[in-house]
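Chains, contacts and geometry: an overview
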Amino acid sequence: MEAPSVFTGLIVPLRESGSLLPQILIAGFIRRLGVRKWVWVAGSAAQALCVAGMGLVALSLEGSLAGWSLIVLLAVFSLARGLCSVASKDILGKTIPKSRRGRLKGWMSSASGFIAMGFGAFLIGEAWTGSSESSVGIYALLLFVAAFLWAVAAGVYSRLKEFSGETEGGGNAISEALDQIRLLKTDENFRRFVGVRALAIGSGMGAPFVISLAHQSLGGSALWLGIFVMVDGFAALLSAPALGRWADRSSRNLLRASMLIIGALLLGVSVLPFLALPEPALAVLFPLIFFLLGIGHSGVRLGRKTYLVDFAEGNRRTAYVAVSNTVIGVLLLFSGALTGLVALLSVPAVLVLFSLAAVLGAWGARKLPEVSEG
């Protein structure tokens, strides 16, 4: 059964907001720690336990009990992801030189793209064979493999050589959160960056709507979902290393160019349903556009992440990351609800809104100060 379009608009917000919203409170705790790699290790270990728990739920529980168990595990997983998010950018700034950070994140994105291609191939195989009897067991196995990889990542990260950093500003969580929020008022460049990042939301949120349009035109087969996952992974695998080098030269320019690409592509795909193209042409166009969207989204992610790490120094980096992510978490909830309602009337209209936002964000990014040294 196909879900209503309103749920499509909530996929990304519900996944992301659970990890983004609490970060402004998490930051107060992290700022008290001189060495912060153990925060990432704990967050990664918690994610491993949660994903393993999801696998056990899939194998042993049914009905509402299984549903609520998965919701609880997902909530804890999101909180653990937030720990890793705040800690990782600060650790990256402390351990990797300024002109190498984008390159490192580019290779990380490329590796994750390779793994995503493997998962896409699995979905295609499942759709092609039409096997369903063992699907639950296979998906549970994938969850256990993912849990194992998170545990391995925690072990590897624990061996990272991190020097002790600044620890001031780690007082009461609520008062610290209020002080950090004031950065939006006192720091004009940071406020401008958060605004640009907010307008780039469509680079990630637009993908489910593109897939929704493709399903309306080509059918809702799991085969197409697998193809889109593979295409997105291939886009990251192919482009992320080069985009990472671009981020080291000028993360601001990478962000601007990527948002313009996203804006043009989302506007283009929004008109496809009105062109009455034959199905074979759509079967080529949708994956091609999704591939280019994957490149654009990688550019947005690498650009904004590298920019934020390079922009802030010392203990302020933790505050900048936490405030930025928390604001985006709130906006994701509101924009998810709004675009979900708009999607009930017209999915192309949602894509046009995301396109306009991306173009406005690219225009606003021109005023961001240059922070790269490449």
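Now for a quick tour of the structure. Quick caveat: nothing in here was measured; it's all calculated off a predicted structure.

So, about the packing of aromatic side chains. Across all of its chains, the model carries ten aromatic pairs by this definition. Arranged with centres 5.4 Å apart and planes meeting at 80°, the rings of Phe77 and Trp150 form a pair that is edge-to-face. Here Trp150 lies in helix H7 (residues 135-157) and Phe77 lies in helix H5 (residues 63-95), a separation of 73 residues in the sequence. We classify Phe77 as buried; its relative accessible area is 14%.

The subject of this paragraph is the packing of helix H10 (residues 188-199) against helix H15 (residues 347-365). Between H10 and H15, the least distance of the axes is 8 Å, while the angle of their chain directions is 155°. Here H15 runs roughly antiparallel to H10, going by the angle between their axes. When you trace H10 past H15, the crossing you get is left-handed. Here H10 contributes Arg192, Val196 and Leu199 to the contact with H15, which in turn contributes Ala357, Ala358, Leu360, Gly361, Gly364 and Ala365.

The subject of this paragraph is the pattern of salt bridges. Tallying each qualifying case throughout the model produces three salt bridges. Glu188 is the partner of Arg192 in a salt bridge, and the nearest nitrogen-oxygen pair spans 3.0 Å. With Arg192 and Glu188 both in helix H10, this residue pair falls four residues apart, about one helical turn. The class of Glu188 is partly exposed, set by a relative accessible area of 48%.

Cut-offs used in this document
- Residues numbered from 1 in each chain as written.
- Predicted model: local features only at pLDDT ≥ 70, side-chain atom pairs only at ≥ 80, totals over all residues.
- Heavy atoms only, no water.
- Phe/Tyr/Trp six-rings, centres within 6.5 Å; stacked < 30°, edge-to-face > 60°.
- Helix = DSSP H or I, 4+ residues; strand = E, 2+ residues; numbered from the N terminus.
- Buried < 20%, exposed > 50% of the residue type's maximum accessible area, 1.4 Å probe, protein only.
- Axes fitted to C-alpha atoms, helices over the stretch in contact; angles between N-to-C directions.
- Parallel < 35°, antiparallel > 145°, perpendicular 65-115°, else oblique.
- Left-handed = near helix turned anticlockwise from the far one by under 90°.
- Contact = heavy atoms within 4.5 Å.
- Salt bridge = Lys/Arg side-chain N within 4 Å of Asp/Glu carboxyl O.

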